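An overview of the molecular structure
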Amino acid sequence: MDNLLFCQIASAGFYALLFFCDLLKKQLPTKRTVFFQLFLCAMMLDAIFSIDVILSQRYGETVMLNEAMLVVELLTQVACCVTLHLYIMAVAFKLGKNPVTMVIFGIIPVCILLTFVLLSPWLGIAYEFDQLGHMHRNIWYNVGQIILLLEFVIDLVVIWVSDIKYTARRRMLYSFMILIFILAIIFEISNSTLSALWQIGMIFFIYIFYLAQQSPDFYIDNTTGYFNRNGFLEVLYEEVQYQIPFSCLLVRVRDFTSMNQIYSAEILQKIQLEIGEIFTESSKGGIIYHIGSSTYAIMLRSRSNAEVLYYRLKDRISEIWNIDDVMVNHEYSYYELTYPEYGTDYEEIVQKIHYARSDHEAHHKAGELIHLQEGVGKDAERRQEIAHLIETAIMDNSIEIHFQPIFSFEEDSITSLEVLARLRDENRNYINPEYFIRIAEENHTIVQLGKQIFEKACIFAGKNHIFDMGIEEMSINLSPEQCRDEHLTEDLVEIASKHGIPMERIHLEITESEFEDKKAVEETLYRLKETGAKIALDDFGTGFSTLSNILSLPVDYVKIDKSLVWSFAEGKNQFLNDLMPMLKAEGKQIIAEGIENTEHIDIIKQLQGDYLQGYYYSKPLSEPEFLRFLKRFNHSEKSGAEA
Ligand code: C2E
Ligand code: CA
Ligand code: CA
């Protein structure tokens, strides 16, 4: 058996193997995958027909059959080139709706095909037969090959100039793929013996290429068998490149990290598999991706499909799992992302996906469907930057604190102050405290940050002897998240004593919220009270705190939220009329926030409030500003009163 024949048989066998293996595997739904399969198919057919041609040439078939074989072989060869070309165009996202590129990249293969058909042996242009009936290729055959070669040169250029976000390594790999074809054509034209050997070389390269870039394994998640994040991003990118509308439902198991600490991996995996089955059954027509340990994405064609699926899943996925007699409580977050309605930029969409993949428990209720509309992803980006700034501030001990005076009716002077944290961004502008505090809470960095704020407040109080300047106590905010820290009480006591501040001087303001761990907060508050500190319930009236909560918690002060003060002043509610006497009867002292004018003062005075805080007296001030304010205010009030 001669070399050529051997090479062709080996190639045919190999391509057949690769093609059928690939066919049996789960395939990512991209154009790229389809063309690669077609390419493998063409390579296989080409190798098979080449065997046939060689055999019929060797064993003396009729010239007619020989010609028919040649035509078929030629066509399969062209098919190899065309499918590879289309594959490369798919890789470069050039198969889109743009008519110009459509013409350039679609017409080229058709021209090549025509050229070849015209060069077919039947027309006798590219082949000549000698007296013995042996066939020879002439110069026109080589012209045809050179046209093919040019096509690949164009492909090579496209890979390097097109604006795709591939790494140089990946572009290099595609270029090699094209180069081996260019070499094959050159060997073919030069009728070199290398041509046969090169067939084997191509096999190796195409296999390596397959494993490195095209293999479905790269896109499949081992535990669930779904496509993984790589696959998801790949599909997403293609959809955006071709502007194909889609809708995506993202489902995340909430608090998965703590789940991991509580339950064994085996149990969680079982749940994962069961959830997977429900997905498969419920999402007919949708493609499921497992894009993070706790997050799934289901790609659908329309928004209404995504919503239907959401309701179906909400019904079917239980919140309590019984796995091997272990009860596991699972909560889920659902997000819906529709392209192009919710943003057209790929990066923006990926940001939104990141957003859906991370915890925002404080914002969204479990089971609710969240629409990842315009702006949501940007928010996620900013949040990450701020989270980073918070970490830096903790490390550099660089959080700033400002002070807002609190006025006492009884003393007719400033007797208290609230410590308010301040964080600056990259341009040294202040970041909205509510915003960064919330992020710190979600990242649990509030524990460290809170201690730092507390210590800075103590240093400020000790250094400036504020308790000798008419100040009776200092209010510091405490986030419910900090209450979950077991060492909180000891730590605060230690810090205060280190700076010589008696705990009796300290008021801790705590905001009630729907989400916190009520029990932990309550226990911590009792422990804190034992140290002598006083507790103030912050933001009363914003919706979360109820009267029964105040009565059940060890609270000494209640801070009426500014919104309640303002709406009362505008006559929009009468709530304070009933509330204030009730609180007074329970022995609580009342601080009214958001006092901006004398009308507000009068109202609170009538209602027998105890303290006032607001811009009427002062905005939060920096340390030197506050000290100056305090001296001036308390002094002039005093002298005013004496006069
Ligand atoms: P908060 O505890 O309710 O603080 C009072 C907020 O109301 C402050 O906003 C203050 O500047 C503002 N305010 C006071 N009087 C008036 C007024 O008359 N009119 C208006 N329009 N606003 C007034 P700030 O400093 O932006 O703080 C916002 C929130 O951030 C705080 O609300 C608190 O929940 C949180 N926060 C600030 N510092 C800390 C901290 O050190 N730790 C914790 N856990 N939270 C903090
Ligand atoms: Ca407060
Ligand atoms: Ca408040």
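Preceding this paragraph is the structure being described.
Residues numbered from 1 in each chain as written. Chains lettered and ligands numbered in written order. Predicted model: local features only at pLDDT ≥ 70, side-chain atom pairs only at ≥ 80, totals over all residues. Heavy atoms only, no water.

1. A short note on the overall build of the protein chain
Formally: Secondary structure counts use DSSP, requiring at least four H or I residues in a row for a helix and at least two E residues in a row for a strand, with both numbered from the N terminus. Each residue's exposure class comes from its accessible area (1.4 Å probe, protein chains only) as a fraction of the maximum for that residue type: buried when under 20%, exposed when over 50%, partly exposed otherwise. Contact criterion: two residues are considered in contact whenever any of their non-hydrogen atoms come within 4.5 Å of each other. Reported accessibility uses the Shrake-Rupley method at a 1.4 Å probe radius. Residues are deemed covered only where the shown protein chains occlude them.
Along its length, the protein chain carries 23 helices and 17 strands. Counting all 643 residues of the protein chain, 52% fall into the buried class. Taking as baseline every contact in the protein chain between residues at least 6 positions apart, the subset at least 24 positions apart corresponds to 70%. About 30400 Å² of surface is accessible on the protein chain, with carbon and sulfur atoms providing 57% of the total.

2. Section: empty space enclosed by the protein
Heads up, the condition is: Cavity means a closed set of points on a 1 Å grid over the protein atoms alone, one where a 1.4 Å probe fits but cannot get out, pocket means an open set with protein on both sides within 12 Å along at least 5 of 7 lines, and lining means a residue has an atom within 4 Å of a point. Grid points are joined across faces, edges and corners, and a volume is the space filled by probe spheres set on the points. For this scheme, ten residues count as nonpolar: Ala, Val, Leu, Ile, Met, Phe, Trp, Tyr, Cys and Pro. Four count as charged, namely Asp, Glu, Lys and Arg, and the remainder, Gly too, count as polar. All the domain ranges listed were derived from an automatic or database domain assignment.
Per the stated rule, a full pass over the model turns up four cavities of 30 Å³ or more. One number sums up the size of the largest cavity: a volume of about 60 Å³. For the largest cavity, the full set of lining residues is Q27, L28, T30, R32, T33, Q214, P216, Y219, F227 and E234. Looking at side-chain class alone, the lining of the largest cavity contains four nonpolar, four polar and two charged residues. Structurally, the lining of the largest cavity is a two-domain feature, drawing no fewer than three residues from each of domain 1 (2–213) and domain 2 (219–372). The calculated volume of the second largest cavity comes to roughly 40 Å³. Every residue lining the second largest cavity is listed: V253, F256, L268, I271, Q272, I275, S293, S294, Y296 and H330. Class assignment for the residues of the lining of the second largest cavity results in six nonpolar, four polar and no charged.

3. Considering helix α11 (residues 303–316)
So the rule is basically this: Multiplying one less than the number of residues by 1.5 Å gives the expected span of a helix. Each C-beta atom gives one direction from the helix axis, and the arc is the one those directions make.
Its 14 residues give α11 an end-to-end C-alpha distance of 20 Å, which sits within 8% of 20 Å, the value for a rise of 1.5 Å per residue. Of all the residues in α11, the buried ones are A306, L309, Y310 and L313. Projected onto a plane normal to the axis of α11, the buried residues spread over an arc of 110 degrees and lie on a single side. When the buried face of α11 is taken as reference, the exposed residues oriented beyond 90 degrees from it are Y311 and D315. Next to the buried residues of α11 lie β3 (246–253), α10 (265–282), β5 (295–300), β8 (332–339) and β9 (369–371).

4. Overview of the coordination of the calcium ion (ligand 3)
Just so we agree on the cut-off: Because water is not among the atoms used, a metal site may look incomplete, as its donors are only the N, O and S atoms within 2.8 Å, or 3.2 Å for Na, K and Ca.
Binding of the calcium ion (ligand 3) to the protein goes through D538 (OD), D539 (OD), E593 (OE) and E593 (OE), at separations of 2.2 to 2.6 Å. One chain supplies every donor for the calcium ion (ligand 3), spaced along it as D-D-x53-E. For the pair the calcium ion (ligand 3) and the calcium ion (ligand 2), the metal-to-metal distance amounts to 4.0 Å, and D538 bridges them.

5. Structural notes on the packing of helix α15 (residues 446–464) against helix α17 (residues 488–498)
Threshold: To get an axis, fit a line to the C-alpha atoms, keeping to the stretch in contact for a helix; angles then go from 0 to 180 degrees between the N-to-C directions. For this classification, under 35 degrees means roughly parallel, over 145 means roughly antiparallel, 65 to 115 means roughly perpendicular, and everything else is oblique. Here is the rule for handedness: rotate from the far helix to the near one, and if that takes an anticlockwise turn smaller than a right angle the crossing is left-handed, while a clockwise turn gives right-handed.
Across the interface, α15 lies against α17 with an axial gap of 9 Å and an inter-helix angle of 25 degrees. Here α15 lies roughly parallel to α17, going by the angle between them. As α15 packs across α17, the resulting crossing turns out to be right-handed. Contacts between α15 and α17 involve K451, F454, E455 and C458 from the first element and D491, L492, I495, A496 and K498 from the second. Partitioned by chemical class, the residues of the contact of α15 with α17 number five nonpolar, no polar and four charged.

6. Points about the packing of aromatic side chains
Heads up, the condition is: For Phe, Tyr and Trp, where Trp contributes only its six-membered ring, two rings pair if their centres lie within 6.5 Å, and the inter-plane angle classes them as stacked under 30 degrees, edge-to-face over 60, or tilted in between. Either the NZ atom of lysine or the CZ atom of arginine qualifies as a charge over a ring when it sits within 6 Å of the ring centre and within 35 degrees of the ring normal.
Taken as a whole and assessed by the stated rule, the structure comprises 35 aromatic pairs. Between the aromatic rings of F93 and Y237, the centroid separation amounts to 4.9 Å while the plane-to-plane angle is 85 degrees, which identifies the pairing as edge-to-face. Here the residue F93 occupies a position in the loop between α3 (63–91) and α4 (99–118), and Y237 occupies one in helix α8 (residues 229–241), the gap between them amounting to 144 residues. Exposure class is identical for F93 and Y237. Each is buried. What links up through ring pairs into an aromatic cluster is the set F36, F39, Y87, F152, Y174, F181, F209 and Y210. Over the aromatic face of Y242 sits the side chain of K31, whose NZ or CZ is 4.7 Å from the ring centroid. When the ring centre of Y615 is taken as reference, the NZ or CZ atom of K619 above it lies at 5.0 Å.

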